[in-house]
Amino acid sequence: MDFNVKKLASGAGLFLTRAVQFTEEKLGQAEKTELDAQFENLMSRADCTKHWTEKIYRQTEVLLQPNPSARIEEFLFEKLDWKVPSRVTNAELLGQYMQDAAKEFDLGTPYGNTLEKVGECEKRLGEAEREFLQTSAISFLTPLRNFLEGDWRTISKERRLLENLRLDLDACKTRVKKAKVAEAKAATAPDFQETRPRNYVLSASASALWTEEVEKAEHELRIAQTEFDRQAEVTRLLLEGISSTHVNHLRCLHEFVEAQAAYYKQCHLHMQELQKELGRLPNAFALNSTNAIATPSMVTEGSSSPVETDTLKIEEVQAPATGTRKARVLYDYDAADSSELSLLADELITVYTVPGMDSDWLIGEKGNHKGKVPVTYLELLS
């Protein structure tokens, strides 16, 4: 019990000494030990690293999980060491709804069939998104969090300890200075004509006491200087480790970019495949117009029927004298049969229409090759 009281009293005294030193420094009444310029630069660099790492980490969390409630739930699960439940992505949920609707509307109808295809694609997009989220969390978010919760806490702890030792050192310097001033006053030779012998003896005794006090203060100063220098070196080594942190974060950033590129590339491929599939499906509006043309009351002599369109021979089609246009290809397209023309993205082709042809298709020509091309893959130029 006595030991605890003494320890508490000693700690309170040390805290009071540091508080007094800190206050006097702020008021300009005490000197402050300044760190060298290189050390100050290291601390500024570390503070800057912490500041921007924290901002990048928080915003990356928002990018990967925009729902704040979900982020809070995941944070609590991690703190409690519980397994974070697997979440269905929005794209997967949308795809499931589309497929359920397709079954209700009948897969044999154009709308139901299209819903089924789009729903399947949305599910694939959702799976790619989940894989991207997992990869990014492991390769990018985790290293940033480890720095903020591990390395930076250690650096902050050592810097606080260094600041406390610096206050102790400056307090010791102040005590030494005051003790030397008192010793000098006590050592001043008294006037024997006006000073009694008893006072002279007391003055000599006080001088000896102040000399002892100076020696004690200088001893404490040497100890404080040694502890401060040792802590400064430890803190310097930790601050210099920020360079290694930058190298590690650079590698993680490259991995994050690669994960993003792979994710968007996969999404692009899925959408291209979906567009090709939709280009081969019958269009509901085209079917309605076809049914109208096939009505006996509307068939006239010389008009083209759907059967004639299906049996259209591409090699016999001739480009009209007027009405041809240039078009830029938006996406790659692989011909399904010999009547179609394969396309590459960004190439320019000549297109035109022929009587009786489906409105979703055009005749395209590039060089000596000719064939049907889907309108959805083209950007018509003036």
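Residues numbered from 1 in each chain as written. Predicted model: local features only at pLDDT ≥ 70, side-chain atom pairs only at ≥ 80, totals over all residues. Heavy atoms only, no water.

- For the protein, the name recorded in an unreviewed UniProt entry is Endophilin-B1, with Oreochromis aureus as its organism.
- In its Sequence similarities (unreviewed entry) section, the UniProt record describing the protein reads: "Belongs to the endophilin family."
- Taken directly from UniProt, the Subunit (unreviewed entry) text for the protein runs: "Homodimer, and heterodimer with SH3GLB1." (UniProt positions renumbered as here; feature names shortened; annotations may be inferred.)

**Description of the pattern of salt bridges**
Next, step 1: Inspection of the entire model under this criterion finds 14 salt bridges.
Next, step 2: The residue Lys 50 makes a salt bridge to Glu 54 at a minimum N-O spacing of 3.2 Å. Here Lys 50 pairs with Glu 54, and both are found in helix H2 (residues 37–64), just 4 residues apart, close to one helical turn.
Next, step 3: Classification of Lys 50 as partly exposed rests on a relative accessible area of 25%. (Salt bridge = Lys/Arg side-chain N within 4 Å of Asp/Glu carboxyl O. Helix = DSSP H or I, 4+ residues; strand = E, 2+ residues; numbered from the N terminus. Buried < 20%, exposed > 50% of the residue type's maximum accessible area, 1.4 Å probe, protein only.)

**What about the packing of aromatic side chains?**
Next, step 1: Tallied over the full model, the rule gives 8 aromatic pairs.
Next, step 2: Ring geometry for Phe 105 and Tyr 111: centres 5.4 Å apart, planes at 25 degrees, overall stacked.
Next, step 3: Looking at Phe 105, the relative accessible area reads 43%, which means it is partly exposed.
Next, step 4: Given the relative accessible area of 52%, Tyr 111 is considered exposed.
Next, step 5: Taken together, a centroid distance of 5.8 Å and an interplanar angle of 90 degrees make the contact between Tyr 331 and Tyr 377 edge-to-face. Of this pair, Tyr 331 sits in the loop between strand E1 (325–329) and strand E2 (348–352) while Tyr 377 sits in the loop between strand E4 (369–374) and strand E5 (378–380), and the two are 46 residues apart along the sequence.
Next, step 6: Residue Tyr 331 is classed as partly exposed on the basis of its relative accessible area of 24%. (Phe/Tyr/Trp six-rings, centres within 6.5 Å; stacked < 30°, edge-to-face > 60°.)

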